[in-house]
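# Structure at a glance
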Amino acid sequence: MYKMAAIGDRASVYGFAALGLDTYFVTEADEAKKLIRRLENDGAAVIYITEQLAELVKDELARISEAPLPAVIPIPGVYGNTGMGMKAVNESVIKAVGSDIV
Amino acid sequence: MPATNVNPTRMELTRLKKKLVTARRGHKLLKDKRDELMRRFLELVKENKELRLKVEKGIAEANRGFALAEAVMGSEAVKTALLAPKQSVSVDASSKNVMSVNVPVFDYKTRTADKSDIFSYGYVSTSADLDTAVSSLAKVFPDMLRLAEVEKSCALMAAEIEKTRRRVNALEHVMIPDYTEKIHYITMKLDENERSTQIRLLKVKDMVIKKNYDAKHAQK
């Protein structure tokens, strides 16, 4: 059985606790990297991360995207949608197709 | 491109011809794999985008709800209300093989049987805005999980497509022309050798005839 987690600034993720996700309040890049590694080892299958925080730990996310698990999914935080999640989708299209066609 | 690093022998020619056949077959198979992966990928990406829009909208809505609740109740009260979650989810992750890419499939389970059992507080001291916020978050949750599945699959498939495309291109533009070139070179070389042997034989025969002729005339 795998766990699900939500990480990011407090205001953005505390609501997910109600759904039963593990929530972690992080805003620093180093802290976030450590936390992601720990969650990876602890068997988290899905990690929702706020776009603001995801922006800070891009290289870590790139490393994880090669592995089958966990799935790290950027979600918009309370400070609004930065469009990073959509950009990531478009980037994978560019990677696969060679140009942005969708 | 002169193929100088091959021995122009029949054995080498047979070997290269076999390799060329294998390369052609591999190229065809990989091309088919790439095309099929691409088709599935594009379907998935479309779903991914739709889901993402939906989830982003849902989360924004929930966040608005939480902000409202905090404004009404005070942030401390909201935090206290959500401090001890009643519900807990765990995911069952299995994998599905799509054209040799292992994509994850998530199936979530809640600790309590009732999935809507998400309110970890009594209704007396909390505002209705909090209930709305929590329930709107619960509403997008299945979509969020599906998004995780789809987005991860997309990322994995994109990597696989890129790899396959490289292989197809390497076969098509490097290996196959290279083999063809080498085979051509060996064939030409062997033909040339054959012709030169023929000519040598003709010359030798001429010489022998001439020698016999001269000998015959000298006798007279």
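Quick caveat, the model's predicted, so the values are computed rather than measured.

## A look at the overall build of chain A
- The secondary structure content of chain A amounts to five helices and four strands.
- Taken over C-alpha atoms, the radius of gyration comes to 14 Å for chain A, in line with the 13 Å a tight globule of 102 residues would show.
- Its C-alpha atoms give chain A principal-axis dimensions of roughly 40 × 30 × 25 Å.
- Expressed as a percentage of its 102 residues, the buried residues of chain A come to 47%.

## Overview of the environment of B:Gly58
Residues and elements named next belong to chain B.
- You can see Gly58 is positioned in helix α1 (residues 10–73).
- In this structure the C-alpha to C-alpha distance between Gly58 and Ala138, which are 80 residues apart in sequence, comes to 9.5 Å.
- Non-local contacts of Gly58, meaning those with residues more than four positions away in its chain, are made with Ser136, Lys139, Val140 and Asp143.

## Here's the deal with the interface of chain B and chain A
- Of the residues lining the interface, 51 residues belong to chain B; the matching set on chain A comes to 31 residues.
- Listed by contribution, the elements that provide at least two residues to the side of chain B that touches chain A are α1, β1 (89–98), β2 (101–110) and α3 (128–219) of chain B.
- The residue inventory of the side of chain B that touches chain A, partitioned by class, reads 32 nonpolar, nine polar and 10 charged.

Definitions and limits used
Residues numbered from 1 in each chain as written. Chains lettered and ligands numbered in written order. Predicted model: local features only at pLDDT ≥ 70, side-chain atom pairs only at ≥ 80, totals over all residues. Helix = DSSP H or I, 4+ residues; strand = E, 2+ residues; numbered from the N terminus. Rg over C-alpha atoms; globule rule 2.2 N^0.38 Å. Buried ≥ 20, exposed ≤ 12 C-beta atoms within 10 Å, placed from the backbone. Contact = placed C-beta atoms within 7 Å. Nonpolar A, V, L, I, M, F, W, Y, C, P; charged D, E, K, R; others polar.

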